[in-house]
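If you want the building blocks of each chain, they are given just below.
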Amino acid sequence: MTRVDFEEAVSDALDTLPRELTDFMNNVVVLVEEEHPTEDILGLYEGIALTERYEYSGHLPDVITIYRKPILEMVDDEHEARREIAITVAHEIGHHFGIDDERLHQLGFG
């Protein structure tokens, strides 16, 4: 899967999220990187979850990064890659909404 195909799959994953959810996303950007510099992870949320934003004005956007190389290394084909990308995108967006890893795993976004 090329970088362009991967980025399109991330965009497609975002497009499949319910509008009722995405309407509440605020000040967040989603990026694609090859891999995390020090950890073997699929995605990373960096920011202040919506549930923690009390005095929030003036903050830089939250960043969700989806890591291409580790996702592609764990799958056998493009169909599996797209599935894992969708799960990872939903997982990191869950963090944006203040949902912790344990609950995300229970919901099937682990």
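Cut-offs applied
- Residues numbered from 1 in each chain as written.
- Predicted model: local features only at pLDDT ≥ 70, side-chain atom pairs only at ≥ 80, totals over all residues.
- Heavy atoms only, no water.
- pLDDT = per-residue confidence, 0-100.
- Helix = DSSP H or I, 4+ residues; strand = E, 2+ residues; numbered from the N terminus.
- Buried < 20%, exposed > 50% of the residue type's maximum accessible area, 1.4 Å probe, protein only.
- Pairing = 2+ DSSP bridges.
- Axes fitted to C-alpha atoms, helices over the stretch in contact; angles between N-to-C directions.
- Contact = heavy atoms within 4.5 Å.

J.: Break down the confidence of the model for the protein chain for me, with residues and values.
T.: Taken residue by residue, the protein chain gives an average pLDDT of 92. The fraction at 70 or more is 100%. For the protein chain, the element scoring lowest by mean pLDDT is helix 5 (residues 101–106), at 86; helix 3 (residues 68–73) scores highest, at 98.

J.: I'd like a rundown of the pairing of strand 2 (residues 43–46), residues and numbers included.
T.: Side chains Gly-43 and Tyr-45 project from strand 2 onto a buried face, and the interleaved Leu-44 and Glu-46 project onto a face without burial. Where strand 2 and strand 3 (residues 62–67) come together, 4 bridges link them in antiparallel fashion. The residue bridging Gly-43 from the neighbouring strand is Ile-66, located in strand 3.

J.: How would you summarise the sheet that holds strand 1 (residues 28–33) if you had to cite specific residues and measurements?
T.: With mixed pairing, 3 strands are arranged side by side in an open sheet as 1-3-2. The sheet terminates laterally at strand 1 and strand 2, the two strands that pair on one side only. The average angle at which neighbouring strand axes cross in this sheet is 15°, direction not considered. Along the sheet face, helix 1 (residues 3–15) touches strand 1 and strand 3 and points at about 150° away from the line of strand 1.

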